[in-house]
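Take a look at the letters that make up each chain.
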Amino acid sequence: NVGAYSLVAARLAVGEITVHSFEPSFSTYFDLCQNILLNHCQSSVYPHLMALGRFTGLSVFNYSSLDSGAAVHSLGGHFDQTGQEFEPAYSQPVVSFSIDDLVGKLRFAHPNLLKIDVDGTEGDIVSGAEATLGHPDLRSVLIEFYEPDQRHRQVIAVLESLGLDVNERVPHPNGVANYIFIRRAAGGP
């Protein structure tokens, strides 16, 4: 989105980390870039105007609103995080990458931490990241789920099968919760 988590991470670990932020919304991407500059984080936070998904290729990004920072957009279909169809304010062709292709084909470094907040397409991103998620360099994943949508249980099962266990669940209003997954110790259950 506009970089709140990216900027905090970059400021807390000045010079020690590289943050890649992915934002397909043109209006929000502008504010993400502005925030990176205003916070002097351009040497450690790299914004990418693209979507993440199951496959690499051209897709359609459906806006719920054209306002910067707006949420509940969708990639591909016109469905919000509850699975309800919505009429997009705008549909834009976008390039979408799987995380595995970013790491494998574009030679992004294996991440140590992933934060996923995509309002309903978590399963697609996880499906396109199984090799990366199973890599031992990845220590932690934070995912925001809309819990009334039971698809989050399938995502949890995939992450657990790849050696990542739920360490903490932080509930928020309106059925949303952040789940923090930690890499299981080698030889663990």
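Look up: the structure comes first, before these words.
Because the structure is a prediction, the values reported are computed rather than measured. (Residues numbered from 1 in each chain as written. Predicted model: local features only at pLDDT ≥ 70, side-chain atom pairs only at ≥ 80, totals over all residues. Heavy atoms only, no water.)

Engineer: I'd like a description of the overall build of the chain, backed by residues and values.
Structural biologist: A count of helical and extended segments in the chain gives six helices and ten strands. For the chain, the C-alpha radius of gyration of 16 Å lies close to 16 Å, the compact-globule estimate for 189 residues. The burial tally for the chain puts 42% of its 189 residues in the buried class. Counted over contacts in the chain with a minimum sequence separation of 6, partners at least 24 positions apart contribute 67%. (Helix = DSSP H or I, 4+ residues; strand = E, 2+ residues; numbered from the N terminus. Rg over C-alpha atoms; globule rule 2.2 N^0.38 Å. Buried < 20%, exposed > 50% of the residue type's maximum accessible area, 1.4 Å probe, protein only. Contact = heavy atoms within 4.5 Å.)

Engineer: If you had to explain the pairing of strand 1 (residues 19-22) to someone new, which residues and values would you point to?
Structural biologist: What you see with strand 1 is a clean split: Val19 and Ser21 sit on the buried side and His20 and Phe22 on the side with no burial. Here strand 1 runs beside strand 2 (residues 45-48); their pairing, made up of four bridges, is parallel. Residue Ser21 lies in a different strand from strand 2, and its bridge partner there is Pro47. (Pairing = 2+ DSSP bridges.)

Engineer: Tell me what's going on with helix 6 (residues 151-161), and back it up with residues and numbers.
Structural biologist: Looking only at helix 6, the buried set comprises His152, Val155, Ile156 and Leu159. Across the axial projection of helix 6, the buried residues extend over an arc of 100°, all falling on one side. Opposite its buried face, helix 6 presents the exposed residues Arg153, Gln154 and Ser161, each directed more than 90 degrees away. In this fold, the buried residues of helix 6 make contact with helix 4 (122-127), helix 5 (130-134), strand 8 (140-146), strand 9 (164-171) and strand 10 (176-183). Count one or two residues on from helix 6 and you reach Gly163, which has phi positive near 90°. (Arc of directions from axis to C-beta.)

Engineer: Describe the sheet that holds strand 10, listing the residues and the values that go with them.
Structural biologist: For sheets, the rule is that strands pair by backbone hydrogen bonds, running either parallel or antiparallel. Strand order in the open sheet made by the four strands is 7-8-10-9, with mixed pairing throughout. Single-partner strands in this sheet number two, and they are strand 7 (113-116) and strand 9. Sheet twist, expressed as the average angle between the axes of neighbouring strands with direction ignored, equals 20°. In the sheet, strand 9 pairs with strand 10 via seven bridges, with the strands oriented antiparallel. Bridge pairing in strand 10 places Val170 opposite Asn178. Along the sheet face, helix 6 touches strand 8, strand 9 and strand 10 and points at about 165° away from the line of strand 8. (Axes fitted to C-alpha atoms, helices over the stretch in contact; angles between N-to-C directions.)

Engineer: Let's hear about the nonpolar core: which residues, and what values?
Structural biologist: Residues Leu133, Val141, Ile143, Leu159 and Phe181 are the most contacted members of the largest nonpolar core, which totals 25 residues. Where this core is concerned, the elements lending two or more residues are helix 3 (99-104), strand 7, helix 4, strand 8, helix 6 and strand 10. In contact with Leu159, other than residues within four places in its own chain, are Val126, Leu133, Ile143, Leu164 and Phe181. Listed in part, the eight residues of the second largest apolar core include Val19, Tyr29, Ile36 and Val45. (Core = buried A, V, L, I, M, F, W, Y, C linked by side-chain atoms within 4.5 Å.)

Engineer: Which residues make up the pattern of salt bridges, and what values go with them?
Structural biologist: Any two side chains of opposite charge can pair, given that their charged atoms come close. Summed over the entire model, instances satisfying the criterion amount to six salt bridges. Close ionic contact of Asp124 with Arg54 constitutes a salt bridge, the shortest N to O distance being 2.6 Å. One end of the pair, Asp124, is in helix 4; the other, Arg54, is in the loop between strand 3 (51-52) and strand 4 (57-63), with 70 residues separating them in the sequence. By relative accessible area, Arg54 is classed as partly exposed at 37%. (Salt bridge = Lys/Arg side-chain N within 4 Å of Asp/Glu carboxyl O.)

Engineer: So what about a nonpolar patch on the surface? Which residues, and what values?
Structural biologist: Together, Phe26, Leu66 and Tyr90 give the surface a local cluster of nonpolar side chains, amounting to about 270 Å² of exposed area. Tracing the sequence through the fold places Phe26 in helix 2 (residues 26-38). (Patch = residues over 30% accessible without salt bridge, like charges linked within 9 Å, V, L, I, M, F, W, Y side chains within 5 Å. Areas by Shrake-Rupley, 256 points an atom, 1.4 Å probe, with all protein chains shown as cover.)

Engineer: Now, about the sheet that holds strand 4: what can you tell me, with residues and values included?
Structural biologist: One open sheet accounts for four strands, arranged 3-6-4-5; its pairing is mixed. The sheet terminates laterally at strand 3 and strand 5 (74-75), the two strands that pair on one side only.

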